[in-house]
Amino acid sequence: MQTMKSSSISQTMQDAINDQIQAELESAYLYLALAARMEQLHLKGFAHWLRLQWQEETQHALKFYDYLLQRDGVVQLKELPTPTYEAETPLEIFELVLEHEKYITRRINDLYALSGKERDYASQTLLQWFVDEQIEEEESARDIIDDLRLVGDSGASLFLLDRELGQRQSEEEGEE
Ligand code: FEO
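Quick notes on the rules
- Residues numbered from 1 in each chain as written.
- Predicted model: local features only at pLDDT ≥ 70, side-chain atom pairs only at ≥ 80, totals over all residues.
- Heavy atoms only, no water.
- Buried < 20%, exposed > 50% of the residue type's maximum accessible area, 1.4 Å probe, protein only.
- Helix = DSSP H or I, 4+ residues; strand = E, 2+ residues; numbered from the N terminus.
- Arc of directions from axis to C-beta.
- Contact = heavy atoms within 4.5 Å.
- Patch = residues over 30% accessible without salt bridge, like charges linked within 9 Å, V, L, I, M, F, W, Y side chains within 5 Å.
- Areas by Shrake-Rupley, 256 points an atom, 1.4 Å probe, with all protein chains shown as cover.
- Salt bridge = Lys/Arg side-chain N within 4 Å of Asp/Glu carboxyl O.
- Polar contact = N/O pair within 3.5 Å; in protein donor to acceptor, adjacent residues only side chain to side chain.
- Phe/Tyr/Trp six-rings, centres within 6.5 Å; stacked < 30°, edge-to-face > 60°.
- Lys NZ or Arg CZ within 6 Å of the ring centre and 35° of its normal.

Asks: Please provide a residue-by-residue account of helix α5 (residues 156-165), values included.
Replies: Of the positions making up α5, those classed as buried are L158, L161, D162 and L165. Projected down its long axis, α5 carries its buried residues within an arc of 105 degrees, all on one side. Opposite the buried face of α5, at more than 90 degrees from it, the exposed residues are A156, L160, R163 and E164. As for α5, its buried residues are in contact with α2 (44-70) and α4 (121-151).

Here is the structure:
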């Protein structure tokens, strides 16, 4: 007898997670663009920090991607628009990062609420990890904004801050 294979995750939840994979990859793409902008400003430490953020966002997307596959869902990759932004200075760029992270937090909260509505507690457990992660994501951007407000957009202090951000390690390096 032939049996129909059906996934253990609802279509609504799958669609929402696929949208979030796109949002995480869009974040990665934005941060890669901002890293290039920092290179143009000769701020290699800031560029390094943003490039690692690009890596982290890609890992966030993969976490959702692997989860969908694990639940026998279907991954549907979507188009990534060219990142556009108006920020010029390091301060404006990190204000943009913070605003973007707040937007991602709102999306994660909506997903969390949806998992409750769908009584999908496996997805809710995964999303709890993202709720916690977003606290850190916003905090890191806020800390850099505070530092930039103290040191200003040029001068020796900015050079030192750039050096400090250049020391950021990837998550794997940090675990060693
Ligand atoms: Fe994946 Fe920075 O949120």
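Asks: I'd like a description of a nonpolar patch on the surface, backed by residues and values.
Replies: Together, Y29, L32, W54 and L80 make up a nonpolar patch on the protein surface, roughly 320 Å² of accessible area in all. Note that L32 resides in helix α1 (residues 11-40). For L32, a relative accessible area of 32% gives the class partly exposed.

Asks: Tell me about the side chain of H60, residues and numbers included.
Replies: Its place among the elements puts H60 in helix α2. By relative accessible area, which is 3% here, H60 ends up buried. A polar atom in the side chain of H60 sits 3.1 Å from the side chain of E133. Aside from chain neighbours lying at most four places away, what touches H60 is E24, W129, F130, E133 and E137.

Asks: Any details on the pattern of salt bridges? Residues and values, ideally.
Replies: Under the counting rule described, the total for this entry stands at 8 salt bridges. Residue D19 is joined to K78 by a salt bridge in which the shortest nitrogen-to-oxygen separation is 2.7 Å. Here the residue D19 occupies a position in helix α1, and K78 occupies one in the loop between α2 and α3 (90-117), the gap between them amounting to 59 residues. Of the charged contacts in the structure, one is a salt bridge between E56 and R168, with a shortest N-O distance of 3.2 Å. Of this pair, E56 sits in helix α2 while R168 sits in the loop between α5 and α6 (171-175), placing them 112 residues apart in sequence.

Asks: How would you summarise the packing of aromatic side chains if you had to cite specific residues and measurements?
Replies: Here the structure, examined in full by the defined rule, presents 4 aromatic pairs. Members of the aromatic cluster, each reached through a chain of ring pairs, are F46, W49 and F94. Between the NZ or CZ atom of K63 and the centre of the ring of W129, over which it lies, the distance is 4.0 Å. Note that R168 overlies the ring of W49, its terminal NZ or CZ placed 4.4 Å from the centroid.

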